[in-house]
Structures are given as C-alpha cells and as structure tokens.
Amino acid sequence: MTRKQKRLTLIFSALGLLGLAVGMVLFALRDNVVFFYGPTELTEKQVGPGQRLRIGGLVKPGTLVHLDGKSITFEVTDGKNDVPVSYTGLLPDLFKEGQGVVAEGALNQAHVFAADSILAKHDERYMPREVADALKKQGVWQEQGAKVSAGATTQ
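Summary of the structure given here.

Parameters and conventions
Residues numbered from 1 in each chain as written. Predicted model: local features only at pLDDT ≥ 70, side-chain atom pairs only at ≥ 80, totals over all residues. Heavy atoms only, no water. Helix = DSSP H or I, 4+ residues; strand = E, 2+ residues; numbered from the N terminus. Polar contact = N/O pair within 3.5 Å; in protein donor to acceptor, adjacent residues only side chain to side chain. Salt bridge = Lys/Arg side-chain N within 4 Å of Asp/Glu carboxyl O. Phe/Tyr/Trp six-rings, centres within 6.5 Å; stacked < 30°, edge-to-face > 60°. Buried < 20%, exposed > 50% of the residue type's maximum accessible area, 1.4 Å probe, protein only. Core = buried A, V, L, I, M, F, W, Y, C linked by side-chain atoms within 4.5 Å. Contact = heavy atoms within 4.5 Å. Pairing = 2+ DSSP bridges.

**Re the side chain of Thr 63**
Summarising the element assignment, Thr 63 is placed in the loop between strand 1 (52–59) and strand 2 (65–66). Among the polar contacts made by the side chain of Thr 63, one reaches the main-chain carbonyl oxygen of Lys 60 at a distance of 2.6 Å.

Written out as structure tokens, the structure is:
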C-alpha cells in the first residue's frame, strides 16, 4: 500500500467514525431536541416521573392558587388538555392567568409538574413563538392581525 492509499484509508476511516458518533448523539437526543411540550403532547408522550423537560401553554384562568409567600399551583392548558403545575420561588412580574408560560421541571409521582423555573411573556403583545405555534397546532390560537417577528408573535 502506498503512502497516498494509507492516507486516504485513514481519512475515510476517521470520517466514518465521526459519522457514526454524530448519528449516535442525534439518536440519544431525539426526544430532547424539542424546546417544550404542550399539555396534549405531554399526555400523548406519557412521560415518566422524574424526567426533566419543559412544558408550555397558557395559564388556565381560575387555577392560580397562592399557597404561601413563595409557593403556587396552577394549570397549563392548550385548550384541549391541562397539566397541573406546582412551583416554589419568585414569579416573573408579568406572570398571570390567561398568559403564555413555559415551565421547566419534572413530573412527580402524582403526575403534577414540579417546576423549578417559570418563563412568562415580557409585554402585553408578546408570546413565545413556540407557545403560539403549539396553540395554533391545537386550534386554540386566534390570530387577530398577528405579525410574526424573529422570536415573537404579536397580535
């Protein structure tokens, strides 16, 4: 085998191993590539307790309950299904019922989503693109002259 053939063999072997490694990483991350799950997607996926993920939707009106100074419970809805959420900590100033929210945490044994961080909209006309897209997919979102920008949907 000449030096050129040895070099080409080494290069093709390295590229093959790199391709295999990338394939294995993508296979391992296939469920974690999604930014968040809506309540309906979460119900359909049947996530086990303790698995970390994000859920997004609207805070269902009438479900926000302040338990003590820092603990709350509420439900995230997409109009079709609801997910009960419990959270202990400081809420964003603009967090309220009927508004878009993304919560990060895990389901507990009682199928209540125990959130450790809450993200809320930043002004009265903003909703994260992912939340708006999930609501549109469920048929809940009503566009009234909505305009999509790079990262926001306004109405």
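**Describing the pattern of salt bridges**
If the charged atoms of two oppositely charged side chains come close together, the side chains can form a pair. According to the stated counting rule, one finds 5 salt bridges in the structure shown. The network of salt bridges with shared partners includes Arg 52, Arg 54, Glu 104 and Asp 116.

**Focus on the packing of aromatic side chains**
Taken as a whole, this structure holds 1 aromatic pair when the rule is applied. Relative to Phe 95, the ring of Phe 74 lies with its centre 5.1 Å away and its plane at 65°, an arrangement referred to as edge-to-face. A residue pair is termed long-range when its members are at least 10 positions apart, and Phe 74 in strand 3 (residues 71–77) and Phe 95 in the loop between strand 4 (82–88) and strand 5 (100–107) qualify at 21 residues. Assessed through its relative accessible area of 2%, Phe 74 is described here as buried.

**Some details on the nonpolar core**
Of all hydrophobic cores here, the largest spans 19 residues; its most connected members are Ile 55, Phe 74, Phe 113 and Ile 118. Elements that contribute at least two residues to this core include exactly strand 1, strand 3, strand 4, strand 5 and strand 6 (113–120). Those residues in contact with Phe 74, other than ones at most four positions away along the chain, are Val 59, Thr 63, Leu 64, Val 83, Pro 84, Val 85, Phe 95 and Ile 118.

**Quick look at the environment of Leu 135**
Mapped onto the elements, Leu 135 comes out in helix 3 (residues 129–138). Residues Leu 135 and Gly 56 lie 79 residues apart in sequence; the distance between their C-alpha atoms is 9.4 Å.

**Focus: the pairing of strand 4**
Judged by which residues are buried, strand 4 turns out to be one-sided: Val 83, Val 85 and Tyr 87 face inward and are buried, whereas Asp 82, Pro 84, Ser 86 and Thr 88, on the alternate face, are not. Sheet analysis places strand 3 next to strand 4, joined by 7 bridges and oriented antiparallel. Residue pairing for strand 4: Thr 77 is matched across the bridge by Asp 82. The hairpin formed by strand 3 and strand 4 contains 4 residues between the paired strands, and Gly 79 there has a positive phi angle of roughly 90°. Pairing between strand 4 and strand 6: 3 bridges, direction parallel. Note on strand 6: the bridge partner recorded for Tyr 87 is Ala 115.

Any functional reading would require information that these geometric values do not contain.
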